[in-house]
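These are the residues of each chain, in order.
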Amino acid sequence: MKTVIVYKWARNAEDAVVRNDGTVDWRNAKMTAGEDDFAALEAAKAIAEGDELIGLTIGDGDASWALARGVLQTISVTDASNLTDNASTAAIIVAAMRQIGGVDAVVIGDSEEYAGVPVALAGQLGWPAIAHVSSASAVDGRVQVVRKQGSSEQTISIAAPAVIAVSAASPEKKTPGMKEQLAARKRPVTKLTLAAIGAASDDKVSSKGTRLPETAAARIFDGDPAAAAEQLVAALRGEGVL
């Protein structure tokens, strides 16, 4: 099953600068491998099941992250900016995937900070999507995934093509050593530009401002449990809750 693993597509939130007026400056935030990227890569390998597995990254960072972890070829959209709009990020990924062609499954990290990207990706492709996936595989020409639902696990079989968003169950246990990193430098990286794939770099959403939400003062009820309960009930009635 021809599979694309999308990696290093999210900005590092630690690089963001919060100004005194509450606005956030993302200009120095770099594309980085997210905490979900390794889990997504493992799922993509299982789905590909020995067939073609292609890495896809955006931005001007080092594309060898996936190559050092067993992916044999990758594509990098080098001039993609650190976009603030999830839909625009998804549009660039979609445009690059269309350059690849014939993709059966795209696997991406289910980032909590950028949860809108996998959803927008599925919407722009017109494909079904499954999020919060913990593991995946290919079974009888379909993608089979496992995800947690509360205290239980849910197994779902979905026809290709599909978008699979994978959540990290645990951190990467062993990072590639020098040997793997040197081998990664020799593997092919196809460098593309936004113009080459027909994608725009402008955000479709503009931020008009940032501020802290208004919060109500907390109230503490002292005394014995019975008295505290009476105070709580009276306060709830006063607020119109009861």
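A brief report on the enclosed structure follows.

Analysis parameters
- Per chain, residues are indexed from 1 in the order of the written sequence.
- Only residues with pLDDT of at least 70 get local features here, since the model is predicted, and only at 80 or more are side-chain atom pairs given and counted; chain-wide, interface and lining totals rely on the full set of residues.
- Excluding hydrogens and water, the side-chain figures rest on all heavy atoms present in the structure.
- Working definition: helices are DSSP H or I runs of at least four residues, strands are E runs of at least two. Numbering for both runs from the N terminus.
- For this measure, only C-alpha atoms enter the radius of gyration; the expected value for a globule follows 2.2 Å times N^0.38, where N is the number of residues.
- When accessible area is computed with a 1.4 Å probe and restricted to protein chains, residues below 20% of their type maximum are described as buried, those above 50% as exposed, and intermediate ones as partly exposed.
- In what follows, a contact means two residues having at least one pair of non-hydrogen atoms within 4.5 Å.
- Only the protein chains shown count as covering a residue, and every accessible area follows the Shrake-Rupley method with a 1.4 Å probe.
- Pairing between strands is defined by DSSP: at least two bridges between the two strands are required.
- Only C-alpha atoms enter the line fits that serve as axes; for helices the fit covers just the stretch in contact. Angles between N-to-C directions range over 0 to 180 degrees.
- Here a polar contact is recorded for every N or O atom pair within 3.5 Å, except that within protein the pair must consist of a potential hydrogen donor and a potential acceptor, and residues adjacent in sequence are included only if both atoms are side-chain atoms.
- Each residue after the first adds 1.5 Å to the expected span of a helix.
- Definition of nonpolar core: a set of buried residues of the types Ala, Val, Leu, Ile, Met, Phe, Trp, Tyr and Cys, connected through side-chain atoms within 4.5 Å.
- The criterion for an aromatic pair is that two Phe, Tyr or Trp rings (for Trp, the six-membered ring) have centres within 6.5 Å, with stacked assigned to planes under 30 degrees apart, edge-to-face to planes over 60 apart and tilted to the rest.
- What makes a salt bridge here is a side-chain nitrogen of Lys or Arg within 4 Å of a carboxyl oxygen of Asp or Glu, nothing more.

A closer look at the overall build of the chain
Right, so step 1: When you go through the chain residue by residue, the secondary structure sums to seven helices and 13 strands.
Right, so step 2: Against the globule reference of 18 Å for 242 residues, the chain gives a C-alpha radius of gyration of 22 Å, more extended than a compact globule.
Right, so step 3: Reported as C-alpha extents along the three principal axes, the dimensions of the chain are approximately 70 × 45 × 40 Å.
Right, so step 4: Burial analysis of the chain (242 residues in total) assigns 39% to the buried set.
Right, so step 5: At a minimum sequence separation of 6, the contacts of the chain that also span at least 24 residues come to 68%.
Right, so step 6: Total accessible area computed for the chain in this model is approximately 13,700 Å², and 50% of it derives from carbon and sulfur atoms.

What to know about the sheet that holds strand 1 (residues 3-6)
Right, so step 1: Here we have nine strands laid out as an open sheet, ordered 11-10-9-12-8-1-6-7-13, and mixed in their pairing. The two strands at the open ends of the sheet, each matched to only one other strand, are strand 11 (152-159) and strand 13 (189-192). Averaged over all neighbouring strand pairs, the angle between strand axes comes to 30 degrees, with direction disregarded.
Right, so step 2: Its contacts with the sheet place helix 3 (residues 86-100) against strand 1, strand 6 (53-58), strand 7 (73-77) and strand 8 (105-109), and it is angled at close to 145 degrees to strand 6.

As for the side chain of Thr57
Right, so step 1: By secondary structure assignment, the location of Thr57 is in strand 6.
Right, so step 2: The class for Thr57 is buried, based on a relative accessible area of 4%.
Right, so step 3: A polar side-chain atom of Thr57 sits 3.0 Å from the main-chain carbonyl oxygen of Tyr7.
Right, so step 4: Not counting residues within four places of it along the chain, the set of residues in contact with Thr57 comprises Tyr7, Lys8, Ala63, Ile75, Ser76 and Val77.

Considerations on helix 7 (residues 225-238)
Right, so step 1: If you check helix 7, its first and last C-alpha atoms are 20 Å apart, about what 14 residues at 1.5 Å a residue would give, namely 20 Å.
Right, so step 2: The opening residue of helix 7 is Asp224, an N-cap whose side-chain oxygen sits 3.1 Å from the backbone nitrogen of Ala226.

Remarks on the nonpolar core
Right, so step 1: Ranked by internal contacts, the top residues of the largest apolar core, which has 35 residues, are Leu56, Val77, Met97, Val106, Ile108 and Leu121.
Right, so step 2: For this core, the secondary structure elements donating two or more residues are strand 1, strand 6, strand 7, helix 3, strand 8, helix 4 (116-125), strand 12 (162-166) and helix 6 (194-197).
Right, so step 3: For this core, the element with the most residues is helix 3, which contributes eight residues.
Right, so step 4: Residues in contact with Met97, not counting those within four places in the same chain, are Leu56, Val103, Val106, Leu121, Leu125 and Trp127.

Overview of unusual backbone geometry
The phi torsion of most residues other than glycine is negative, and most of the peptide bonds are trans.
Right, so step 1: Omega for the bond connecting Ala160 with Pro161 falls within 30 degrees of zero, at 0 degrees, which places this linkage in the cis form.
Right, so step 2: Within the secondary structure, Pro161 is located in the loop between strand 11 and strand 12.
Right, so step 3: The backbone of Glu49 shows a phi angle near 50 degrees, a positive value even though the residue is not glycine.
Right, so step 4: Tracing the backbone shows Glu49 in the loop between helix 1 (37-48) and strand 6.
Right, so step 5: Under the relative-accessibility criterion, Glu49 is labelled exposed at 54%.
Right, so step 6: The backbone phi angle of His132 is positive, close to 60 degrees, even though this residue is not glycine.

A look at the packing of aromatic side chains
Each aromatic ring pair is described using two quantities: the centre-to-centre distance and the angle formed by the ring planes.
Right, so step 1: In this structure the tally under the stated criterion is two aromatic pairs.
Right, so step 2: Taken together, a centroid distance of 5.7 Å and an interplanar angle of 25 degrees make the contact between Tyr7 and Trp65 stacked. Highlighted residues: Tyr7 in the loop between strand 1 and strand 2 (10-11) and Trp65 in helix 2 (residues 64-67), separated in sequence by 58 residues.
Right, so step 3: Note on Tyr7: relative accessible area 0%, which makes it buried.
Right, so step 4: Its relative accessible area of 13% is what places Trp65 among the buried residues.
Right, so step 5: A ring pair is formed by Trp9 and Tyr114, whose centres lie 6.2 Å apart and whose planes are at 70 degrees; its orientation type is edge-to-face. Of this pair, Trp9 sits in the loop between strand 1 and strand 2 while Tyr114 sits in the loop between strand 8 and helix 4, and the two are 105 residues apart along the sequence.
Right, so step 6: Look at Tyr114 and you get buried, because its relative accessible area is 8%.

Re the pattern of salt bridges
Right, so step 1: Enumeration according to the criterion identifies four salt bridges in this entry.
Right, so step 2: Taking the shortest distance from any N to any O, the salt bridge between Glu42 and Lys45 comes out at 3.6 Å. Taken together, the residues span about one helical turn, with Glu42 and Lys45 both in helix 1 at a distance of three residues.
Right, so step 3: The exposure class of Glu42 is partly exposed, given its relative accessible area of 37%.
Right, so step 4: A residue is classified by how much of its surface remains accessible, and Lys45, at 31% relative accessible area, is partly exposed.

In short, shape yes, function no, at least from these values alone.
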